[in-house]
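Structural overview for review
Letter by letter, the chains look like this.
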Amino acid sequence: MRLKIWLVILSFLGTTVAQACTSIVLNSTDNGRVYARTMEFGIPLKSAVLITPRGYDFKGVGIDGAPGSGKNWTSKYAVIGANAFGLPIYVDGLNEAGLAGGLLNAPNTALYQNPTQAQSANSIASQQLLVYVLTNFANVAEVKNALPKMFVNSSPLKEWGGVAKSRMTLHDTTGASLVVEYLDAKLVMTDNAIGTMTNDPAFSWHLQNIGNYANLSGTDKKPMVFNDQKFMAASSGNGLHGLPGSFLSPDRFIRASMLVMNTPPATTDTQERRAWHIMNNFDIPYGAIHLDSSSGYGGGVNSYEYTEWTVVANLKTKTYKIRSFENPGVLTVTFSEADMNSKSLKSIPLLK
C-alpha cells in the first residue's frame, strides 16, 4: 500500500510547480475557532493586507479575460485579508461575519469549468473565487448553496503567468469547514472534519492517506517488554515517532493533521497562541527548497521557495494577524480599526 502511495506522489511531482502552503483550524471550548495558514511560492507574491468595505463594486472576469464581462457583484460583507501582486483579489482572508479561508496552490489537479459565451456573465476567473466568497457569504452553508449556481472559468492571470490553479479552504463560526476543488472541470465540495489542507494531490487522496498513520499518537507509548527485559525509548516523544517531516504536500498534510488532532481542548485565546506554534512547524527556511529550472520542478523557475507570510485569524474576535519573512513581528488588523463603509479599498504594507 505504501509503495502505491509513493508512486502516486511521484506522478504528481513530475510536473509540479512551487507549492507548499499549509492550513489548519483549531476549535475552542468557548465556541470560538482559530484559522491559520502559511503562504509559500516560488516567486514573490508582493502581498499586502487588503481591506474591502461593504458596498464595493467588483467586476467579474469572463471567459474572454476582460473585467466586467463576467459575474459582477457588490460586496455584502467587509473583508480583511492578504492579496497578491497588488490586485483586488484575496489569497487569504476573514470577513466580518466570521467566514475565513484561503486559496492553496493546486497546479496538478485544478481544472475549471468551461462556460459558454452565454454563460460567461455568470462566471468569474479562478483568482476571484475567494474574494467572491468572502464578500458575499456569511457561512459555509451559504457557499455550498451558491457555488453550484455559477461558473469558475480559466481566464489566465498575467501576473501569475497563466491560469491561477488552486483549491479553497473555508471555516465559519458554526463549526463547519469546507474544501472547494474544481476537478476535471467539475465543482467538488467536501466537508472537512479535521480542517487541515495542503496542496496536491486531491483532498480525497489526502483523507485516504491519513489511515496509513493510524499508529501515531501524541501520547507516549509504553516501553516494549520481551523476555522480562524492558526496552525504553531514548526520550519522550515516541508517540509521534514516524511522523513525516519533509516539505512534500502529503507529508505536511499528515503532520498538520496529527498536530491538530492531538491539540488538547482550550479557550479561543489559548488556541490562538497554540496555532502560531503549530504553524512554526511549516515555516520553510530560505534555501530548504531550491527550484532548479533544469530539474523540471518549479515550472522552469530558478528560485527559492520559502514561507512568505503566516496568518492566524480569530473567528470569534474577528482579528486577522499576519507576519512576513521580511517582518517577523505580528501585524494585527481588526474591523473596528477600518472604515467598513468606505468607498475604496485600503492596503496595508506587511512591513508596517
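Considerations on the nonpolar core
- If you look at the biggest cluster of nonpolar residues, it comprises 55 residues, and the most contacted ones within it are Ile24, Val49, Trp309 and Ile322.
- Leave out the neighbours within four places in its chain, and isoleucine 24 touches Val34, Tyr35, Ala36, His171, Gly195, Thr196, Ala256, Val260, Ile278 and Met279.
- If you look at the next biggest cluster of nonpolar residues, it comprises 29 residues, including Ala106, Val152, Met168 and Leu178.

Brief notes about the packing of aromatic side chains
- The tally for this structure, following the rule as stated, stands at 11 aromatic pairs.
- Residues tyrosine 286 and tyrosine 304 carry aromatic rings whose centres are separated by 5.0 Å and whose planes lie at 40 degrees to one another, so their mutual orientation is tilted. Linking tyrosine 286 in the loop between α6 (268–280) and β16 (289–291) with tyrosine 304 in strand β17 (residues 303–314), this pair joins segments that are 18 residues apart in sequence.
- Taking the relative accessible area as the measure of exposure, tyrosine 304 reaches 33% and is therefore partly exposed.
- Taken together, the ring pairs connect Tyr56, Phe58, Trp73, Tyr132 and Phe137 into an aromatic cluster.

Some details on the side chain of arginine 323
- Along the chain, arginine 323 falls in strand β18 (residues 319–324).
- Of the side chains with opposite charge, aspartate 283 comes closest to the buried, unpaired arginine 323, at an N-O distance of 4.2 Å.
- Polar side-chain contacts of arginine 323 include one of 2.5 Å to the side chain of asparagine 280.
- Those residues in contact with arginine 323 that lie beyond four places of it in its chain are Trp276, Asn280, Asp283, Glu308, Trp309, Thr310, Pro328, Gly329 and Val330.

A short note on the confidence of the model for the protein
- With 92% of its residues at a pLDDT of 70 or more, the protein has an overall mean of 92.
- A low-confidence stretch, residues 1–17 stays under pLDDT 50, and its non-local contacts, those more than four residues away or across chains, total 31 contacts.

A look at the sheet that holds strand β8 (residues 100–105)
- On the basis of which strands lie adjacent, the open sheet formed by 8 strands has the order β13-β12-β11-β8-β7-β6-β3-β20 and antiparallel pairing. Strand pairing shows two members of the sheet lacking a second neighbour, β13 (186–191) and β20 (346–349), which therefore form its edges. Taken over all neighbouring pairs, the strand axes of this sheet differ in orientation by 20 degrees on average, direction set aside.
- Pairing of strand β3 (residues 48–52) with strand β6 (residues 79–82), which is carried by 4 bridges, proceeds in the antiparallel orientation. Within the sheet, the bridge partner assigned to threonine 52 lies in β6 and is valine 79.

Criteria and cut-off values
- What you see as residue numbers is a count from 1 along each chain, following the sequence as written.
- Reporting in this predicted model follows two pLDDT cut-offs: at least 70 for local features of residues, and 80 or more for side-chain atom pairs to be given and counted; totals over whole chains, interfaces and linings ignore these cut-offs and use all residues.
- Heavy atoms throughout the structure, all of them, feed into the side-chain values; hydrogens and water do not.
- Here, nonpolar core refers to any group of buried Ala, Val, Leu, Ile, Met, Phe, Trp, Tyr and Cys residues whose side-chain atoms link them within 4.5 Å.
- Partly exposed residues are those whose accessible area sits between 20% and 50% of the maximum for their type, while under 20% is buried and over 50% is exposed, using a 1.4 Å probe and protein chains only.
- Whether two residues are in contact is decided by their heavy atoms, any of which lying within 4.5 Å being enough.
- Paired rings are identified among Phe, Tyr and Trp, the last through its six-membered ring, by centres lying within 6.5 Å, and are further divided according to the angle between planes into stacked (under 30 degrees), edge-to-face (over 60) and tilted (the rest).
- Secondary structure elements are defined from DSSP: runs of H or I of at least 4 residues count as helices, runs of E of at least 2 residues count as strands, and each element is numbered from the N terminus.
- Two residue types count as positive, namely Lys and Arg, and two as negative, namely Asp and Glu; His and chain ends fall outside the count.
- Whenever a carboxyl oxygen of Asp or Glu lies within 4 Å of a side-chain nitrogen of Lys or Arg, that contact is scored as a salt bridge.
- N or O atoms closer than or at 3.5 Å make up a polar contact, with two conditions inside protein: a donor-capable atom paired with an acceptor-capable one, and, for residues adjacent in sequence, both atoms drawn from side chains.
- Scored between 0 and 100, pLDDT is the confidence that the predictor attaches to each residue.
- Two strands pair under a simple rule: DSSP has to find at least two bridges between them.
- Geometry is summarised by axes, namely lines fitted to C-alpha atoms with helices restricted to the contacting stretch, and by angles between N-to-C directions that run from 0 to 180 degrees.

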